[in-house]
Amino acid sequence: EIGYFYKYLRIVSKISVAILEDEKELAEQFQILLSSSDDLKCHSIFYSGLDAYNNLKENPCDVVLADINVPGLSGIEVVKKLKALYPKMQFLMCT
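Residues numbered from 1 in each chain as written. Predicted model: local features only at pLDDT ≥ 70, side-chain atom pairs only at ≥ 80, totals over all residues. Heavy atoms only, no water.

A.B. asks: If you had to explain the sheet that holds strand β2 (residues 40–46) to someone new, which residues and values would you point to?
C.D. replies: Strand pairs in the sheet, formed through backbone hydrogen bonds, run parallel or antiparallel to each other. On the basis of which strands lie adjacent, the open sheet formed by four strands has the order β2-β1-β3-β4 and parallel pairing. The sheet is open, and its two borders are formed by β2 and β4 (90–94), each paired with just one other strand. Here the average twist between neighbouring strands, direction ignored, is 20°. Of the strands in this sheet, β1 (15–20), β2 and β3 (63–67) touch helix α3 (residues 49–56), which is tilted by about 125° from β2. Lying on the sheet, helix α4 (residues 75–85) is in contact with β1, β3 and β4; it crosses β4 at an angle near 175°. (Pairing = 2+ DSSP bridges. Helix = DSSP H or I, 4+ residues; strand = E, 2+ residues; numbered from the N terminus. Axes fitted to C-alpha atoms, helices over the stretch in contact; angles between N-to-C directions. Contact = heavy atoms within 4.5 Å.)

Structure, rendered in structure tokens:
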């Protein structure tokens with residue numbers, strides 16, 4: 001059925017977004033916002049820069065929504081390191 005095919009394409013083509021935010025409540029709000037979109041999906045949530053870097057270098061996403069001030073590596077350091085590995089990965093910084 002052609003309708004199923006188009007529904008399948010929409011699921012496969014969602015943009016995966018990782019969240020790096022040390023405030024749990026805010027990270028959960030970002031996750032809720034992403035889940036309400038037809039085009040975005042939450043890849044993962046990280047509460048420290050080191051966890052984000054170690055996980056995303058092995059399991060990359062399309063976009064990282066990152067707080068600048070997080071424990072471990074700062075959001076800026078995470079961006080620099082991941083951008084070197086994945087030049088097409090996009091980043092949105094917040095503070």
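What follows picks up the thread again.
A.B. asks: So what about the nonpolar core? Which residues, and what values?
C.D. replies: Proteins that are soluble and globular tend to have nonpolar side chains buried together. Ranked by internal contacts, the top residues of the largest apolar core, which has 14 residues, are A18, L20, F46, L56, V64 and L82. Residue assignment for this core shows that the elements contributing at least two residues are β1, α3, β3 and α4. Setting aside chain neighbours within four positions, we find L20 in contact with F46, Y47, S48, G49, A52, L65, A66, D67, V70, G75 and V78. In terms of nonpolar packing, the next biggest core, distinct from the first, is built from six residues, V17, A27, L34 and L65 among them. (Core = buried A, V, L, I, M, F, W, Y, C linked by side-chain atoms within 4.5 Å. Buried < 20%, exposed > 50% of the residue type's maximum accessible area, 1.4 Å probe, protein only.)

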